[in-house]
Amino acid sequence: MTRSMRMVALVAAALAVAAGALLVAGASMGYAAADACIPLTLPSPAGGEGTETAGAGEGTETAGGTSAKASTEAQAGTPAEAQAEGIAARYPGDRGIAADPRVLLHEDFEAGDFDRKKWQDISNQSGALSFSPEHPAASAGKQSLLVTATLGKNTGGHLFRRFKPGVERMHARFYVRFAEDCDYVHHFVHIVAENPPVAWPTGGAGECPAGDRKFSTGLEPAGHYRKFPPPGAWNFYTYWHQMKRSGDGKYWGNSFAPETPHVPERGRWYAMEMMVQANTVGPDGSVPNKDQADGRQAFWIDGVKVGDFGGIAWRTAADLKINAFWLMSYITDRWTKHPVNRVWFDDVVVATEYIGPIRPSQK
Ligand SMILES: [Ca+2]
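Residues numbered from 1 in each chain as written. Predicted model: local features only at pLDDT ≥ 70, side-chain atom pairs only at ≥ 80, totals over all residues.

Chemist: Can you walk me through unusual backbone geometry in this structure?
Modeler: A negative phi angle characterises most non-glycine residues, just as the trans form characterises most peptide bonds. Looking along the chain, the bond that leaves Lys164 and enters Pro165 is cis, with omega of -5°. Looking at where Pro165 falls in the secondary structure, it is placed in strand S6 (residues 156-167). Within the chain, Tyr225 stands out as a residue other than glycine whose phi angle is a positive 55°. (Helix = DSSP H or I, 4+ residues; strand = E, 2+ residues; numbered from the N terminus.)

Below, the structure written as structure tokens:
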């Protein structure tokens, strides 16, 4: 098995399925299930477990639940609001933004190749990744990354970056455009905290990670059994040590969804931004309780915050840092029979503070 094949298998194992997602509120959820956590183990290269177990979660009662209760509580006091200027406001067209000390990564896909210093792991099976002349109107560049997922041929592709050292708070802004015929995706862009910080994405699908080992969250459009039209409504798909167990007894990513669903219009570029703030851990290494649960995650669409979820005790060890960004469009026949599904990405910035959309400049 080649390395690229192994990585594809790992992606499948790592992500499995959103079907069993519980819809929870970080601020109000019960934590009773935490004791049942399964220690995180590295995945088998075979990677079949995610696919196999995926079906088990599909039919659970929780899978079809609504986010109404969760979103109401999590969104209290945080309606859609204008965001203060971010890092990008100082760099029209993103020119020079890479040199800002708060910026960890800048990728505009203009080089026509992938810089291995920027991306340690690349999944590009059967040419899923290519460069396209499409780009956001505000972009100073002339091309973007096109991820073409072709059923029976590949499951899309990814670019993965591990940061050393990690950080306490990570923002990631990316522009994204779904093709007008793009159907539901399976998994999408992630921020990950993991110790040890290996240079590739690891598994853990269906498992509750240990509080000193890992947490992760994906900003993903989710159809929730066709409740929303393709590609689905934006939500966080989240794994951490206090996540709730699914009806099948396994731990599938818990969903954090805003009260108002936001379904991207296909054929249009959006500036998406996600933020993960790690929680404080007691100086004696004590497990965070609700008083210490100052962890948070939020996301913005075109510079407007539309999802903000606090009260999350992401970790039990201060040396578990937020240390990976995983740009990905992972599409399988689980959620679509449409043969070819295309997604464009451009103007990626990862930083420790709010970034914001590109400030337009003269081209
Ligand atoms: Ca570009």
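Chemist: Which parts of the structure should I look at to understand the sheet that holds strand S11 (residues 254-256)?
Modeler: Sheets are built from strands that pair by backbone hydrogen bonding, the pairs being arranged parallel or antiparallel. Taken in spatial order, the 7 strands of this open sheet run S3-S6-S15-S8-S9-S10-S11, and their pairing is antiparallel. Every other strand in the sheet has two partners, leaving strand S3 (121-123) and S11 as the edge strands with one partner each. Sheet twist, expressed as the mean angle between neighbouring strand axes with direction ignored, is 20°. (Pairing = 2+ DSSP bridges. Axes fitted to C-alpha atoms, helices over the stretch in contact; angles between N-to-C directions.)

Chemist: Honestly, the environment of Trp269 in this entry has me stumped. Any pointers?
Modeler: Relative to the elements of secondary structure, Trp269 occurs in strand S12 (residues 269-277). With residues up to four places along the chain from it excluded, the contact list for Trp269 reads Pro136, Tyr175 and Arg177. (Contact = placed C-beta atoms within 7 Å.)

Chemist: Just to check I follow, could you spell out the nonpolar core for this structure?
Modeler: Across soluble globular proteins, nonpolar side chains show a tendency to be buried alongside one another. Counting 79 residues, the largest nonpolar core has Phe174, Leu327 and Phe345 as its most contacted members. Other than its neighbours up to four places away in sequence, Leu327 contacts His158, Leu159, Phe174, Val189, Phe345 and Val348. (Core = buried A, V, L, I, M, F, W, Y, C linked by C-beta atoms within 7 Å. Buried ≥ 20, exposed ≤ 12 C-beta atoms within 10 Å, placed from the backbone.)

Chemist: Honestly, the pairing of strand S9 (residues 214-222) in this entry has me stumped. Any pointers?
Modeler: Successive residues of a regular strand alternate their side chains across the two faces of the sheet. Here S9 lies mainly inside the structure; 9 of its 9 residues are buried. Burial along S9 is two-sided: the face carrying Lys214, Ser216, Gly218, Glu220 and Ala222 and the face carrying Phe215, Thr217, Leu219 and Pro221 are both buried. Taken together, the 6 bridges between strand S8 (residues 189-194) and S9 define a ladder with antiparallel strand orientation. Across the sheet, residue Val189 finds its bridge partner in S9, namely Leu219.

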